[in-house]
Amino acid sequence: MNLPNIIRPEHTFIGVPAPTKWRALQGIAEKAGKAFSVAGQTILKALEAREKLGSTGIGNGIAIPHAAIDGMTSPRGLLLRFAQPLDFEAIDDIPTDIAVVLLFGENNRGEYLNVLSAIARRLQSDGVLAAMRKARTVDEFYSDFIADSRV
């Protein structure tokens, strides 16, 4: 698995406006729909259904919204930093400022767990989160996340 094949530079965003978790999911679905040629409403419904099972806010200001999307043939993702931290109902109640979105096809359910694990490990690496939060450009933000992430 190679994270740069799943999350590409053109699918990276900073300064994303989102006053609430649900508005964040709407914005994510819109961006993902355009990026992956899937109806944004389809993505939104899948992300909302997943969030109803329990928040994907994993703590430390991070959320990893993820869902199975009909028709997707391989895992794909988005990397975002919100304009302002927001309440993502994370387990530690710390407002979320960074989201890594993972979408996958029904046939990729086994593979997506490996990808989720790789993303979580990457975000726990020394200095990665601090660098991502300090990044001034989309390129810096992406590079800070992807650097040395080939697993």
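This one's a predicted model, so the numbers in the text were calculated from it and none came from an experiment.

Reading the values: the criteria
- Residues numbered from 1 in each chain as written.
- Predicted model: local features only at pLDDT ≥ 70, side-chain atom pairs only at ≥ 80, totals over all residues.
- Heavy atoms only, no water.
- Helix = DSSP H or I, 4+ residues; strand = E, 2+ residues; numbered from the N terminus.
- Phe/Tyr/Trp six-rings, centres within 6.5 Å; stacked < 30°, edge-to-face > 60°.
- Buried < 20%, exposed > 50% of the residue type's maximum accessible area, 1.4 Å probe, protein only.
- Lys NZ or Arg CZ within 6 Å of the ring centre and 35° of its normal.
- Expected span 1.5 Å × (residues − 1).
- Arc of directions from axis to C-beta.
- Contact = heavy atoms within 4.5 Å.

Undergrad: Please clarify how unusual backbone geometry should be interpreted in this entry.
TA: Across the chain, the bulk of peptide bonds are trans and the bulk of non-glycine residues have phi less than zero. The residue Ser-37 is not glycine, and still its phi comes out positive at about 55°. Tracing the backbone through its elements, the reader meets Ser-37 in the loop between helix H2 (21-36) and helix H3 (40-53). Even without glycine at this site, Asn-60 takes up a positive phi of about 60°. Topologically, Asn-60 is positioned in the loop between strand E2 (57-59) and strand E3 (62-63).

Undergrad: Explanation requested: the packing of aromatic side chains in the structure shown.
TA: Given two aromatic rings, their pairing is described by the distance between the two centres and the angle made by the two planes. This structure, assessed with the given rule, holds one aromatic pair. Between Phe-104 and Tyr-112, the aromatic rings sit 3.9 Å apart at their centres with planes inclined by 10°, giving stacked as the arrangement. As far as the burial class goes, Phe-104 and Tyr-112 line up, both buried. Residue placement shows Lys-31 over the ring face of Phe-13; its charged tip is 4.5 Å from the ring centre. Its guanidinium or amino end placed over the ring of Phe-141, Arg-81 lies 5.4 Å from that ring's centre, counting from NZ or CZ.

Undergrad: I keep staring at H2 and nothing clicks. Help me out?
TA: Side chains of residues three or four places apart in an α-helix project in the same direction, reflecting 3.6 residues per turn. Given a rise of 1.5 Å per residue, 16 residues ought to cover 22 Å, and the 22 Å separating the end C-alpha atoms of H2 matches this to within 8%. By the burial criterion, the buried members of H2 are Lys-21, Ala-24, Leu-25, Ile-28, Ala-29, Ala-32, Gly-33 and Phe-36. Summarising the axial view, the buried residues of H2 lie within an arc of 165°, below the 170-degree limit, and thus occupy one face. In this structure, the buried side of H2 is in contact with strand E1 (7-16), H3, strand E5 (76-86) and strand E6 (96-104). Immediately beyond the C-terminal end of H2, within one or two residues, lies Ser-37, with a positive phi of roughly 55°.

Undergrad: Teacher, can you tell me more about H3 here?
TA: The first and last C-alpha atoms of H3 sit 20 Å apart over 14 residues, in line with the 20 Å expected at 1.5 Å per residue. Listed in full, the buried residues belonging to H3 are Ile-43, Leu-44, Ala-46, Leu-47 and Glu-51. Buried residues of H3 fall within an arc of 165° about the axis and therefore sit on the same side. Across from the buried face of H3, at angles greater than 90 degrees, the exposed residues are Lys-45, Lys-52 and Leu-53. Positive backbone phi, at 155°, marks Gly-54, one or two positions downstream of H3.

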